[in-house]
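Spelled out from the first residue to the last, the chains are:
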Amino acid sequence: MKPHLIILGAPGSGKGTQAAKLVEKGFKHISTGDLLRSEIAKGSELGQKVSGIISRGDLVDDNTVMALLKANCDVDKVSYIFDGFPRNIAQAEMLEAELLQKKKTLAVYFKIDLGVLINRVVNRRTCGSCGEIYNLTTKPPRVADVCDRCGSVGTIKQRKDDTQEVVANRLKIFADTVEPMLAFYRSKGALVEIDASMQEKVVFSELGKVIN
Ligand code: AP5
Ligand code: MG
């Protein structure tokens, strides 16, 4: 079995974009952001509890997200790409103690100057039907309002937390929490860094080298 991959990176660094492509290499993609947004869309009790937190760009509490993650993956059967988890050192420790234990794991840090990310994120659009990720300036759908991947019409939308003000808060939280996580994986010899400012396909090719 391949190692489980943990993608660490700021909002807009390309975690979701690359994780979706890595599925072709036999990994299963799990994004805590996607799981939480799906609870909000369903209007579940959990969705109602987290909706305001996500709209402000704050973090949902560690135990809630850990429970959601555990309920949605079986790490014995397939290698996962963890996208958006862990978010802080407490989550990194929980992930190891409660889920991955001694399993082979590689953390990949998508390193990028945070200054370029607000533009990337406010221009992001996502297909609500299949999850395909677009960018109005660098990767628009071929036909406006029609998803290239699933063909749905009118489903390409902006995330509520992708406004300039909320992205600034999300980036600040990232900057305040990332270093202890990097130190945690570095001390285990399980951290690699990739320059996430390169073109999408170049980042993907670098990831391929790291996995092999
Ligand atoms: P989450 O959904 O995880 O959001 P995030 O971490 O802020 O990351 P994003 O999804 O915004 O960015 P991304 O790195 O996936 O970039 P993407 O590939 O889309 O979390 C949302 C919220 O949920 C959190 O704020 C929090 O409230 C809550 N939450 C989630 N997990 C939690 C946890 N563990 N604990 C507590 N709370 C949690 O790309 C972005 C844009 O850039 C796209 O337009 C794309 O086309 C473009 N792009 C991608 N790659 C490139 C490239 N190489 N060059 C140019 N453009 C590119
Ligand atoms: Mg994402």
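The shown structure was predicted, so the numbers you read here are calculated from the model rather than taken from an experiment.

Another point: the nonpolar core. Of all hydrophobic cores here, the largest spans 53 residues; its most connected members are Leu 8, Phe 82, Leu 95 and Tyr 185. With eight residues, helix α7 (residues 164-187) is the single largest residue contributor to this core. Every residue in contact with Leu 8, bar those within four places of it in the chain, is listed here: Lys 15, Pro 86, Ala 107, Val 108, Tyr 109, Phe 110, Met 181, Leu 182, Tyr 185 and Leu 191.

Every one of the 32 residues lining ligand 1 counts as a neighbour, but Thr 17, Asp 58, Arg 124, Tyr 134 and Arg 170 are closest to it. In the environment of ligand 1, an oxygen atom lies 2.5 Å from a nitrogen or oxygen atom belonging to the side chain of Thr 17. Within the complex, the protein chains bury 96% of what would otherwise be the 1000 Å² of accessible surface of ligand 1. Residue contributions to the shell around ligand 1 peak at four residues, all from helix α2 (residues 32-42). Within the shell around ligand 1, the residues separate by chemical class into 11 nonpolar, 11 polar and 10 charged.

Right, let's get into the layout of surface pockets. Its volume calculated, the second largest pocket comes out at about 170 Å³. Around the second largest pocket sit 14 residues that line it, and Glu 96, Gln 101, Lys 103, Thr 105 and Lys 188 are the ones nearest its centre. Those elements giving two or more residues to the lining of the second largest pocket turn out to be α5 (89-100) and α7. The biggest single contributor to the lining of the second largest pocket is α5, with four residues.

Cut-offs and rules
- Along each chain, numbering runs from 1 in the same order as the chain's sequence is written.
- Labels are handed out in written order, letters beginning with A for the chains and numbers beginning with 1 for the ligands.
- Owing to the predicted nature of the model, reporting of local features is limited to residues with pLDDT of at least 70; listing and counting of side-chain atom pairs is limited to 80 or more, with chain, interface and lining totals taken over all residues.
- Side-chain numbers come from the whole structure's heavy atoms, not from hydrogens or water.
- Throughout this description, the term nonpolar core refers to a set of buried Ala, Val, Leu, Ile, Met, Phe, Trp, Tyr and Cys residues connected via side-chain atoms within 4.5 Å.
- Only protein chains enter the accessibility calculation, which uses a 1.4 Å probe. A residue is then buried if its area is under 20% of the maximum for its type, exposed if over 50%, and partly exposed in between.
- Working definition: helices are DSSP H or I runs of at least four residues, strands are E runs of at least two. Numbering for both runs from the N terminus.
- Contacts are assigned to residue pairs with any non-hydrogen atoms lying within 4.5 Å of each other.
- By convention in these notes, a residue is near a molecule or strand provided one of its non-hydrogen atoms lies within 4 Å of it.
- Polar contacts, as counted here, are pairs of nitrogen or oxygen atoms within 3.5 Å of one another; within protein the pair requires one atom able to donate a hydrogen and one able to accept it, and residues that are adjacent in sequence qualify only if both atoms are side-chain atoms.
- Accessibility throughout is a Shrake-Rupley quantity obtained with a 1.4 Å probe, and a residue counts as covered only by protein chains that appear here.
- Gly counts as polar in this scheme, as do all residues outside two lists: the nonpolar Ala, Val, Leu, Ile, Met, Phe, Trp, Tyr, Cys and Pro, and the charged Asp, Glu, Lys and Arg.
- Cavity and pocket criteria rest on a 1 Å grid covering protein atoms alone: a 1.4 Å probe that fits but cannot get out defines a cavity, protein on both sides within 12 Å along at least 5 of 7 lines defines an open pocket, and an atom within 4 Å of a point defines a lining residue.
- Grid points are joined across faces, edges and corners, and a volume is the space filled by probe spheres set on the points.

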